[in-house]
Each structure stands twice: as structure tokens, then as C-alpha cells.
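Chain residues, written in single-letter form:
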Amino acid sequence: MSTLTEAPPPLAPAEPAAEAPRKRGRFTPYWLLLPGILWLIVFFALPLVYQASTSVQTGSLEEGYKVTWHFATYWDALSEYWPQFLRSLCYAAGATVLCLLLGYPLAYLIAFRAGRWRNLIMILVIAPFFTSFLIRTLAWKTILADNGPIVHALNSLHVLDLTNWLGWTAGDRVLATPLAVVCGLTYNFLPFMILPLYTSLERIDGRLHEAAGDLYAKPWTTFRKVTFPLSMPGVVSGTLLTFIPAAGDYVNSELLGSTDTRMIGNVIQTQFLRILDYPTAAALSFILMAAILAMVTIYIRRSGTEDLV
Amino acid sequence: MTTDNSGDVRLSGIGKTYGAFTAVHPLDLTVPQGSFFALLGASGCGKTTTLRMIAGLEQPTSGTVRLGDQDVTHLPPYKRPVNTVFQSYALFPHLDIFENVAFGLRRRGIKSVKKQVEEMLELVQLGEQARKKPHQLSGGQQQRVAVARALINHPKVLLLDEPLGALDLKLRRQMQLELKRIQTEVGITFIHVTHDQEEAMTMADTVAVMNGGRVEQLGAPTDLYENPKTTFVANFLGTSNLIEAEVDTKDGADVVVKAGGDKLVLPAARCSAPAPAGGKVLVGIRPEKIALAHADDAGAVPQGRNRLTGKIADASFIGVSTQYVIDSPACAGLSVYVQNVERDARLVPGADVVLHWSPAHTFGLDAAQAIDAGTGEEVAA
Amino acid sequence: MPVVNWLKRHLVVIAGLFTLAYLLLPNVIVTVFSFNKPKGRFNYQWQRFSLDAWKKPCGVADMCGSLSISLQIAVWATLGATVLGTMIAFALVRYRFRARGAINSLIFLPMAMPEVVMAASLLTLFLNLGAQLGFWTILIAHIMFCLSFVVTAVKARVMSMDPRLEEAARDLYAGPVQTFLRVTLPIAAPGIAAGALLSFALSFDDFIITNFNAGSTVTFPMFVWGSAQRGTPVQINVIGTAMFLLAVLFVLVSMLITNRRNHQKA
């Protein structure tokens, strides 16, 4: 009846000494929360309520609007603008996939292969943020110009024939086509993909790669079975941070696209700021919000990651 | 002994509950001024909670904490003349070593701290490192900064919460001696929380073994080791062989018990169980007190010693000693440690042996307790 | 085939560097074209080298005015969002209270909402209240959408902070206020700084929400937007290039300083 006693396992539940949230003043948390939360309620939540009510109003700018529970606005808006809706979701999805494909190698490079260049590459990823994104988006007009080197190259490699056939481009141009818009969207939201990916990759213990290699996994298998699953939180938040703003964007479509590439953001913007048809604009905006929230919720549930960003 | 008792710590009826969970059952404890006191127990036994109540970091649910004659139960930690060396040190990462050590002095409005801080850093042999940040120091150095940061305030009592837990074995030995030296030098009451029985025994004058929110036994290390009063203490401090036995006769100073077919004798003074004749009792004996003889030499065993027969099940050579596991009719799996003075080549697994020891080394425990409490193998409740 | 093997081994690096090039190409173009002397009103085609725009960065009507408005809004929005966001982050990490879930969602939602939705709904509110659109409505909007990002940044930092550090401070004679000022705040500072920096960048660069709620006030991104229709002055590129260089320089200098400090002490 004897054993050497080194460190016995806990008998009782662990001492709750380091319980995270502690109580000090009973009202202190509420005072701390009050100003910020009030700000969000008044300038974020309340506007959504106003918008919901606007969407079921009828009337005109001159006579004023009244709530008449006119839900037909939703139906009218959808039946008129469903192509733009669909287009927004397709473009955003395309840009998200491209961001993932482009962003993952770079994030991986920074996390595991950059060595002493890590900080420099990090700076180069973040620094463009400080040049207004509109200026940078305008630069794509130069890059994709009709007589520019890129279009020439694509043309001589017959890539444009392929994209024309797919309907992504038209004629000898890239500018003013869906390809240009998706290209711009990808460019604009790429850092939002790279940073969360990098954060989750960086947390992975390098020894796991060695362990996988030791257990007969080839590099590609290691990536599929170890690295990628462990970076899932980054993939999930990266795709959300890319897809959501891309779906609501209208800048890229406006600057790099044409009337054939109008996205739902363009429609909302025009309805609100030029046509001044507030109920339709509010309804469209509401549908966009509902659609995105629904998709995000399903996506988060399915990927099983609750913590974001 | 000094007559100053301002460093006495008196806990009376102090207890702590979290909802339905009782972390510390109301307990009384007096730690005299200038002593080195250890609270020993497995994690979750309530030792850290007790320490935190003395520090003021936890409000007791019941009872009072007194320092000398002052009731400090309701004083916040920053008003108590008590300082703590935290587990994993809790050095301020944004301040350098000098400022870490000066922190307490500055908060008490002391302006010229330079001399004191330098002296204190000298005491812990870190004078050179004053302008480094904590993360630039090794674990042992960080540990000494934590001690210096607390001691510079001349607290009445210094509380140490697993101060050596993060160090490797060799450094831990070294720091044990170092802390003991510092304590002797400054003469402050130290209360030390640890789960390492060896650390507690090396350093402390008095050890309180805690289990399940209660103090199981309190005393000097030798006393606890030689004369454990509960199975938990017997198993948690070192290793014990506990043999289930039945009381045969009880005459004055000695109790005779039957285990298997053999009779064993233990001093009544070393039996913490009531032990009426015919009642059950657990007979305890430390593995290093047992001598081993080959069955062929059974005749050479002196009279008056407790003896059991058995067969060697396993032997492992560990340098200074050989540890045997012996199956005896009285009890399976007895541990015996034999010093490597003259090794008997016949003592190999399978050999029949006689175990014998002095009755004076035997102790008796209440058989109503779990026999494996504190071994680390008991089924978690 | 050594070449194929080499390519295989360095595939990730090659792909990563390609992405990096994709990210930086527009900045190269912006920089190069800041030395252009375009023929027409638009600066999309290279003509010839000129330093004109760099010599007169404010040579375009209203551009530097809009830049100054953007900077002012960014500073105030950063300040407001950082203070309010830090308070929320502390409350969330340090205290237990009712409606925690609801508050977490309220903070998460603005980040999961397309900008155009927030922009449109906020405009609805302002129109309904009859608010005068301009500097103040932009500022309100910017504080609103920066808040969540500050909360996230600070929360992460405060959560990773060892609660024992504050206990150590209290044990060493620091009262609640001193503990907060001397220990909690300095340790949370990197998180707060990150939140503030992010707020500044987001606010300075915001276009969609601003465009909806600006009235007749013109921020720098709105100026650029307008110029994309009317004609893009080279000075836009000068500002863009200067901001990029300033950012890189700022980071490099701060890294150099921390490096040197660490070396001196090591």
C-alpha cells in the first residue's frame, strides 16, 4: 500500500481564487458601460428601428411620409433589384475566395517562413491602409488601363478570351467589367483576410509541424490535417471580415465597373442620396442586412467557431 | 525569543465558502512572530484561500484575522502590514526591477527610495540587474525580485504563495536555502503555501497539512513525519506502508495487533485511534525503517522486533538505496527502502524474505479513514 | 529535377510574395504617378516626370481643407471611441452583470454590418430628427463604428492580463485609484494604443458612412471621390504617397527605438 507522492491531482474542484470577473462596486460596471452603450443604442440600434419604420412608410418628399405598413415596398424592391442583389453576393463571394487563396500563402509566409523579415512584411501589409483606399482603388484604373501592360499580357496569353467566354470581361477590356470590380474588391479587403489568418497561424506551435512530420505526414498532408484545421478561427473571421463589407460595397463598382456591374450598395446609395426614395432605399438596406446576418449566423454555426476577430 | 508579538498571526474561526462550495472550513491557527510556517496540501485544499484571506485579497465568510493585537479582518490589502510573494511572481512587466522593488515604498509616499532599494537588491544579489525589465531575468532572478519587492516594505508577515513552483528542481533546492537564509536574517514571520512536502519540511519550523478545507495535522516536520495522525498525512508526507490489522490485546504502553497471521506491536502513545480490543486499526511503518533479511537468515533477526514474512515482487535500484515491493500475507505491495551498504545478492524478485522493524517506529491510525488518502491514487470524490 | 524541387519547396514563399506584390502595386503606382504631369484632368496615364505637385501639395482648391477636416474628425473620433471603448472593455472583462450577452451582441453587430446599412439607417435617424448634417454628424457616426474595434482590441489585452498583477499592486499599498493608474492602465496601454490607431485609420479613411452623413462637409476621401468624377489632381497622389511614407517611417522609428532600448538594457 504505498506509492511515491509527488503531486497529487486535485481532490476538490480547483480553488476558485482566480475567478475572472470579480465584484467590486455594484454599480461600477454600469457606469463604465453607460456612455458607450448609450452611444451604440442611439446611433446604431435606434437608426435600425427608424429604418425599419421608414421601409413601411408611404408618401412623398413634399408631403412627408407616414407609416402605412406598406410591405409591398419590400416586394417591389426585391423584384426590381434582385439582379443587383445576386450580383453583390456573387462578387463578394468571388472576392472572398480570391482573398483566401491569395491571403493564406502570405499569412503562412509571415507566420512560419519570414524569419527576420516578418516585421517588415507585416508593415508592408498594414502600411497601404494609410494611403486612402479611394486613391489606391483609382490606381487600379491605371494598372488595368486598356492599353496597359497587364491587359496586353492577358490578351496575348488569350486569357481574355477565356474570361470573355465566362462573361467576366467584355472585348479587349478589363476595366468596366465584373473582373475589374472583383479584382478591386479582393484588393481592398485582402488585409482583413490576412491579419486574422496570421493571428491564428501564429498561435500554432511550430513543434506540431515537426510532430506531424515525425508521424509520417508529408508537408501537404501536414497542412491539410494539422495547420489548416488549427487556423479555422482565422479563416472564419477572415472570410466574414471580407465578405460582409464586400457585399455592401459600392466604391469598387462605381470606380472600376460600369452600369452593368452595379451592386446593391450602388442602388441603396442612389436611392437614398439622389432619387430620395427613402422607403425603397430603407427596404433594400434592410433586406441586405437581414440576408447578411442570416448567412453569417448559419456560417458561424456550421463552422463551429463562436469567438470572432 | 523576542517578546514582541506584533508579528503573530491569529486566525480564529476563519472560513470561506463560494456558494455551496466550502473552500476553507472554519479554522483556528496561530503563527507566532518570527516563525517560518508552511501550509501544505494538494491543489484545491484551501491553503491558497487561507493565505489570501490573511493578505486581504479574499474576504472571509466567517471568523477574524488578527496581526498581533490588531484585528485586520476588514482592512483592504493595501492597508495591511502584510506582503505577498505571488505565484509566478506577478512582477509588473512595464516597470524595471528597480521600480518593481520601489513600488511599495513609493505608494506609501516615501520619496528617497534609492538607498533602500539598492540595499534590498544587494540582499537578493541582484544589484547589477536594477534597470532590466522582468522578462529579461531568469526564473530564479524573478523569484528573488518578487521576494525583494515584498520584503523592502518590512511587513509584519511575509506570505509566499507557491513561490518556487515555477523553478526547476535544482534551482528550487537552491532557493529553498536562500529563502531560509533571508528569513533568518530579517526575522519576519513567513507563511509559505506549497504542495511540495519536501519543500515544506526543508524550510518550515511548523507545517500545517491541509486537506479538503481543513487542517489535518499541525506540527514540526519531524513530528509530522514520524508520527502522522491521519492516513492523509501519512501518505502525503513521504510514503507509508499501512497495514490493516485487528487489535489483539492492549496492555499499558503497548498495543498488540494481528495482521494476517503475524502479531505486531506498536506503542499506545503512537496510536491515534481508540483501538479497543477486537477493533480495527491501521498499522503504519515508513519504508526506510524496515530491514530486510533473506528467509534463510530468519533466525538472525533479533527478538522484540515486529516481523512479517513475504516474497519480493519487484526491486528497483535507484543509487543510494534499493526499493523493494514485497507481497506479504498481511498486506500486498509493501514498500521497503534498503540503503546500499552491503547488498545481499539473494534479494531478487521471487525471493522469500523476512521484514522486521522496531516497534517504536510503528504508528497506529484510525481504520475508519480511506487507506489511500493523500497517495494521489485515490478515486477523486 | 532540382528546379522543380526548388519550386515545390518555395511555393508558399513565391505565392506569398506574389500576394504582397498585389497588395503593394497600387501604392507603387500612386507614388510613381505623384511625379506625373498629366495632359488632361485625369492622372491615369503616364506623360512625363515633374515635381510640380510635390512643390505645391496644396495647389488644388479645397483639397487641403478637406484633409484638415478629415484629420480633425479622425482625432476626435479616435479620442471619443478610445475612451468609451476602453470603459466598456474593462466593464466586460472585470465585472459580472446582467445583460452581458445583449451587450456583447450590440458591440459585435456594428462589425458584422455592411457599412452601407449603417450609413443609410443613421441618415434616416438624422433626417427624422431634423439634424443638421455636417462635421458633428460625421463625428458621431465615426465614434459609433470605431467603438466596437476599440472594445475588441482592449478586451483582448485586458483579458490576457494576469489578475495577480493588480492584486500585487493592492498588496503593495496601492489603493484602487493608484492600482488603476500605475498598473492596470500601463499594462493595458498597448491594447488601447492598438484600438486608437485602428480608430484613427478607420475614421480617416472612411468613405461610405461619411458620404451618407456629411451634408455639404467634404472630407478627404469625399474629395477624392468627387475628383474621380471631375478630374484627379496629381496632388492626391502626393498626399497618398506622403501618408504611406509617414506610416512606414513612424513604424520603423518606433521599432528602432524599442530595439535600442532593449539592447541597452540587455
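Residues numbered from 1 in each chain as written. Chains lettered and ligands numbered in written order. Predicted model: local features only at pLDDT ≥ 70, side-chain atom pairs only at ≥ 80, totals over all residues.

In the annotation of an unreviewed UniProt entry, chain B is listed under the name Spermidine/putrescine import ATP-binding protein PotA and assigned to Streptomyces misionensis. Checking UniProt for chain B, the heading Subunit (unreviewed entry) contains the comment "The complex is composed of two ATP-binding proteins (PotA), two transmembrane proteins (PotB and PotC) and a solute-binding protein (PotD)." The UniProt entry for chain B carries the following text under Function (unreviewed entry): "Part of the ABC transporter complex PotABCD involved in spermidine/putrescine import. Responsible for energy coupling to the transport system." (UniProt positions renumbered as here; feature names shortened; annotations may be inferred.)

Under the annotation held in an unreviewed UniProt entry, chain A carries the name ABC transporter permease and is attributed to Streptomyces misionensis. We quote the UniProt Sequence similarities (unreviewed entry) comment for chain A here in full: "Belongs to the binding-protein-dependent transport system permease family. CysTW subfamily." Turning to chain A, the UniProt record has this under Subcellular location (unreviewed entry): "Cell membrane".

(A) How the structure looks around the overall build of chain A. Across its full length, chain A carries 13 helices and 2 strands. Relative to its full complement of 309 residues, chain A shows a buried share of 45%. Restricting the contact set of chain A to residue pairs at least 6 apart, pairs at least 24 apart contribute 69%. (Helix = DSSP H or I, 4+ residues; strand = E, 2+ residues; numbered from the N terminus. Buried ≥ 20, exposed ≤ 12 C-beta atoms within 10 Å, placed from the backbone. Contact = placed C-beta atoms within 7 Å.)

(B) Quick look at the overall build of chain B. Across its full length, chain B holds 8 helices and 20 strands. With the C-alpha coordinates aligned to their principal axes, the bounding extent of chain B is approximately 80 × 45 × 40 Å. Across the 381 residues of chain B, 44% fall into the buried class. Relative to all contacts within chain B whose residues are 6 or more apart in sequence, the contacts with residues 24 or more apart total 67%.

(C) Representation of helix α2 (residues 72–113) of chain A in the model. When the local axis directions of α2 of chain A are compared, the greatest deviation, roughly 70°, occurs at Tyr81 of chain A, which is followed within four positions by the proline Pro83 of chain A. Among the residues trailing α2 of chain A, Gly115 of chain A stands out with phi positive, at a value near 60°. (Bend = angle between axes of the 7 residues up to and from the residue.)

(D) Quick peek at the sheet that holds strand β18 (residues 334–339) of chain B. All names here are of chain B. Taken together, the 5 strands give an open sheet; going across it, the order is β15-β19-β16-β17-β18, and neighbouring strands pair in antiparallel fashion. Each edge of the open sheet is held by one strand with a lone partner, namely β15 (291–294) and β18. For this sheet, the mean angle separating the axes of adjacent strands, direction not counted, is 45°. Inspection of the sheet shows strand β16 (residues 306–317) paired to strand β17 (residues 321–327) by 6 bridges, in the antiparallel sense. Looking at the pairing, Asp314 lines up with Val325 of β17. (Pairing = 2+ DSSP bridges. Axes fitted to C-alpha atoms, helices over the stretch in contact; angles between N-to-C directions.)

(E) Representation of the interface of chain A and chain C. If you look at the interface, chain A gives 75 residues, while chain C gives 71 residues. For the side of chain A that touches chain C, the element with the most residues is helix α1 (residues 28–55) of chain A, which contributes 19 residues. Its residues placed into classes, the side of chain A that touches chain C shows 57 nonpolar, 13 polar and 5 charged. (Nonpolar A, V, L, I, M, F, W, Y, C, P; charged D, E, K, R; others polar.)

(F) View of helix α10 (residues 232–248) of chain A. Its 17 residues place the ends of α10 of chain A 24 Å apart at the C-alpha level, agreeing with the 24 Å of an ideal helix rising 1.5 Å per residue. Burial analysis of α10 of chain A places 16 of its 17 residues in the buried class, which makes it a mostly covered element. (Expected span 1.5 Å × (residues − 1).)

(G) Structural detail: the nonpolar core. Core analysis: the largest hydrophobic core is formed by 257 residues, its most contacted members being Ala107 and Leu284 of chain A, Ala148, Ile191 and Val283 of chain B together with Ile88 and Ala120 of chain C. For this core, the element with the highest residue contribution is helix α7 (residues 178–202) of chain A, accounting for 16 residues. Residues contacting Leu284 of chain A, with those up to four places away along its chain left out, are Ala77, Tyr81, Ile264, Val267, Ile268 and Gln271 of chain A. (Core = buried A, V, L, I, M, F, W, Y, C linked by C-beta atoms within 7 Å.)

(H) Spotlight on the UniProt feature "domain: ABC transmembrane type-1" (unreviewed entry) in chain A. Per the UniProt annotation, the sites labelled "domain: ABC transmembrane type-1" (unreviewed entry) are residues 85–299 of chain A. The distance from the first to the last C-alpha atom of residues 85–299 of chain A is 19 Å, and the span holds 78% helix and 0% strand.

(I) Layout of the UniProt feature "transmembrane region" (unreviewed entry) in chain A. UniProt feature "transmembrane region" (unreviewed entry): in the numbering of this structure it lies at residues 30–50, 85–108, 120–139, 175–198, 226–247 and 281–300 of chain A. As annotated, residues 30–50 of chain A comprises 100% helix and 0% strand, and the C-alpha atoms at either end are separated by 26 Å.

(J) Examining the pairing of strand β8 (residues 189–194) of chain B more closely. All names here are of chain B. When you tally the buried positions in β8, you get 6 out of 6 residues, the bulk of the element. Of the two faces of β8, the one carrying Thr189, Ile191 and Val193 and the one carrying Phe190, His192 and Thr194 are both buried. In this structure, strand β7 (residues 157–161) lies alongside β8, joined through 5 bridges in parallel fashion. Bridged to Asp161 within β8 is Val193. With respect to chirality, the unit in which β7 leads through helix α5 (residues 169–186) into the neighbouring parallel β8 is right-handed. (Right-handed = clockwise from strand over helix to strand, strands pointing away.)

(K) Up close: the sheet that holds β8 of chain B. Residue and element names in this part refer to chain B. Here we have 6 strands laid out as an open sheet, ordered β6-β7-β8-β3-β9-β10, and mixed in their pairing. Each edge of the open sheet is held by one strand with a lone partner, namely β6 (82–85) and β10 (214–219). Neighbour-to-neighbour, the strand axes of this sheet turn through a mean angle of 20°, independent of strand direction. Of the pairings in the sheet, the one linking strand β9 (residues 206–211) to β10 comprises 5 bridges and is antiparallel in character. By the bridge assignment for β10, Val207 is matched with Gly219.

(L) Just the domain arrangement of chain B, in detail. As assigned here, chain B comprises domain 1 (7–226) and domain 2 (240–366). Domain 1 of chain B and domain 2 of chain B are separated by 40 Å when their C-alpha centres are compared. (Domains from an automatic or database assignment.)

(M) Layout of the confidence of the model for chain A. The share of residues in chain A with pLDDT of 70 or more is 90%, and the mean pLDDT across the chain is 85. Note on residues 1–23 of chain A: pLDDT under 50 across the span, and 61 contacts to partners over four residues away in sequence or across chains. (pLDDT = per-residue confidence, 0-100.)

(N) Structural view of the confidence of the model for chain B. Across chain B, the average pLDDT comes to 89, with 98% of residues at 70 or higher. Interface predicted TM-score (ipTM) for the complex: 0.89; the corresponding pTM is 0.81.

(O) Representation of the packing of helix α7 (residues 135–159) of chain C against helix α9 (residues 176–205) of chain C in the model. Residues and elements named next belong to chain C. The N-to-C vectors of α7 and α9 enclose an angle of 155°; their axes lie 8 Å apart at closest approach. It follows from the interaxial angle that α7 and α9 lie roughly antiparallel. Considering only the axes of α7 and α9, their crossing is right-handed. Listed contacts from α9 to His142, Phe145, Cys146, Phe149, Val150, Ala153, Val154, Ala156, Arg157 and Val158 of α7 are Ala188, Pro190, Gly191, Ile192, Ala194, Gly195, Leu198, Ser199, Leu202 and Ser203. Class assignment of the residues belonging to the contact of α7 with α9 gives a composition of 14 nonpolar, 5 polar and 1 charged. (Parallel < 35°, antiparallel > 145°, perpendicular 65-115°, else oblique. Left-handed = near helix turned anticlockwise from the far one by under 90°.)

(P) Molecular detail of the environment of Leu84 of chain C. Structurally, Leu84 of chain C is set in helix α4 (residues 63–94). For Leu84 of chain C, a count of 25 C-beta atoms within 10 Å translates into the label buried. Not counting chain neighbours up to four residues away, the residues in contact with Leu84 of chain C comprise Pro35, Gly36 and Trp39 of chain A together with Leu147 of chain C.

(Q) Quick look at the pairing of β9 of chain B. Residues and elements named next belong to chain B. Among the 6 residues of β9, 5 are classified as buried, and the element is accordingly described as predominantly covered. Sheet analysis places strand β3 (residues 36–40) next to β9, joined by 4 bridges and oriented parallel. Across the sheet, the residue bridging to Phe37 is Thr206, located in β9. Counted between consecutive antiparallel strands, the loop separating β9 from β10 contains 2 residues, among which Gly212 sits at a positive phi close to 55°.

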